[in-house]
Amino acid sequence: MKKLLILMMAVIAAVAMLAAGCGGSAEKKAEPAKVLRVGTEPTFAPFEFQKEGSKDYDGFDMDLARAIGKQMGYKVEIVNMGFDALIPALNAGNIDMVAAGMSITDERKQAVTFSDPYYTSGLIVMVNKDNTEVKGIKDLEGKRIAAQIGTTGENKARSVAGAKVTAFNTNTEAAMELKNKGVDAVINDSPVVGYYLAQGGNATAMTVGEVMEAEEYGLAVKKGNDKLAGDINKALAELKKNGEYDKIYKTWFGEVKK
């Protein structure tokens, strides 16, 4: 009896251990966080930039991209690259979305799928304060103009008759070329120029003429990825509905446009 009892206890213990093992394997493993890889070119303050000495990406677009990712249940990973490399990287699958102050144009629509517009901007001419000749875009005929490569600012500059256009990798380089008097003017997005002047650029530079060609910014995804574009639009609409968009806008532009 004693041996039988010991044997029965051993069997019960083995069954219990087996049951426990089965229960552990039945438990679902935690799923890895979904990642939204967002490409940007961080020299476009106040939309995307890095503060001096910081590795973090700051700006209106960056805050908005993170808010959209959170709304969709994604962890947002920011990928730094040149502006002209963003669309190729998107369509190669290296990134999932572009948030880079990218204007929605017919030409770009052929290469990517855009979200609903999230910001309305326009172009402006910036010159040195001691420049008394240039009062607006028409006065740039035959002059030297700087712009960032691949932007609508560059397109506008190249439409000026007889102008010698130099395209730089970043807006910072274009502004520096103006300060050094290597060019007569810079054509760039109005809010970007405004931020540059407010951060100290107004010591040497100023804007002239009217804001030109109101243009809408969109978040870009791979051409044909309507599912992701639709999810982004839903998230953007919810952020506008719950007040989060207005909060982000006010942080970077001081007032909310109605």
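Residues numbered from 1 in each chain as written. Predicted model: local features only at pLDDT ≥ 70, side-chain atom pairs only at ≥ 80, totals over all residues. Heavy atoms only, no water.

Peer 1: How should the pairing of strand β1 (residues 35-40) be read in this particular structure?
Peer 2: Where a strand is regular, its side chains alternate between the two sheet faces. Of the pairings in the sheet, the one linking β1 to strand β4 (residues 75-80) comprises 6 bridges and is parallel in character. Within the sheet, the bridge partner assigned to G39 lies in β4 and is V79. Pairing between β1 and strand β5 (residues 97-98): 2 bridges, direction parallel. Within β5, the position partnered with V38 by the bridge is M97. (Pairing = 2+ DSSP bridges. Helix = DSSP H or I, 4+ residues; strand = E, 2+ residues; numbered from the N terminus.)

Peer 1: Is there a simple way to explain the side chain of N171 in this structure?
Peer 2: Within the secondary structure, N171 sits in helix α6 (residues 171-179). Note on N171: relative accessible area 8%, which makes it buried. Within the structure, N171 has its side chain in polar contact with the side chain of Q148 (distance 2.8 Å). Of the polar contacts made by the side chain of N171, one reaches the side chain of N188; its length is 2.5 Å. Filtering out sequence-adjacent residues up to four positions away, N171 remains in contact with T43, F44, Q148 and N188. (Buried < 20%, exposed > 50% of the residue type's maximum accessible area, 1.4 Å probe, protein only. Polar contact = N/O pair within 3.5 Å; in protein donor to acceptor, adjacent residues only side chain to side chain. Contact = heavy atoms within 4.5 Å.)

Peer 1: How do you make sense of the pattern of salt bridges when you look at a structure like this?
Peer 2: Pairing of side chains with opposite charge becomes possible as their charged atoms draw close. A full pass over the atoms with the stated rule returns 9 salt bridges. Salt-bridge contacts for D184 lead to R144; the nearest nitrogen and oxygen are separated by 3.2 Å. Here the residue D184 occupies a position in the loop between α6 and β10 (185-189), and R144 occupies one in strand β8 (residues 144-148), the gap between them amounting to 40 residues. Residue D184 is classed as buried on the basis of its relative accessible area, which comes to 17%. For R144, a relative accessible area of 33% corresponds to the partly exposed category. (Salt bridge = Lys/Arg side-chain N within 4 Å of Asp/Glu carboxyl O.)

Peer 1: Would you mind going over the sheet that holds strand β9 (residues 164-168) with me for this structure?
Peer 2: Hydrogen bonds along the backbone pair up the strands of a sheet, which may run parallel or antiparallel. Overall, mixed pairing links the 5 strands, which are arranged β9-β8-β10-β7-β11 in an open sheet. A strand with exactly one partner marks an edge of an open sheet, and here the two such strands are β9 and β11 (205-217). With strand direction ignored, the average angle separating the axes of adjacent strands in the sheet is 25°. Sheet topology note: the strand β7 (residues 119-128)/β11 ladder contains 8 bridges and is antiparallel. Paired with S121 across the two strands is E215, which belongs to β11. (Axes fitted to C-alpha atoms, helices over the stretch in contact; angles between N-to-C directions.)

Peer 1: Quick question: what am I supposed to make of the packing of aromatic side chains here?
Peer 2: Two measures describe an aromatic ring pair: the distance that separates the ring centres and the angle between the ring planes. On inspection of all chains with the given rule, the structure shows 18 aromatic pairs. Ring plane angle 85° and centroid distance 6.0 Å describe the contact between F47 and F60, whose orientation is recorded as edge-to-face. Separated by 13 residues along the polypeptide, F47 in the loop between β2 (43-44) and β3 (48-49) and F60 in helix α2 (residues 60-72) bring together distant segments of the chain. Residue F47 is classed as buried on the basis of its relative accessible area of 0%. Judged by relative accessible area, F60 falls into the buried class, the value being 0%. Arranged with centres 5.8 Å apart and planes meeting at 90°, the rings of F49 and W252 form a pair that is edge-to-face. On the criterion of sequence distance, the pair formed by F49 in strand β3 and W252 in helix α9 (residues 244-253) is long-range, its members being 203 residues apart. Accessibility assignment for this pair places F49 and W252 in one class, buried. Between K34 and the ring centre of Y74, over which it is positioned, the NZ or CZ distance is 4.6 Å. Of note, K240 hangs over the ring of Y245, and the distance from its end group to the ring centre comes to 5.2 Å. (Phe/Tyr/Trp six-rings, centres within 6.5 Å; stacked < 30°, edge-to-face > 60°. Lys NZ or Arg CZ within 6 Å of the ring centre and 35° of its normal.)

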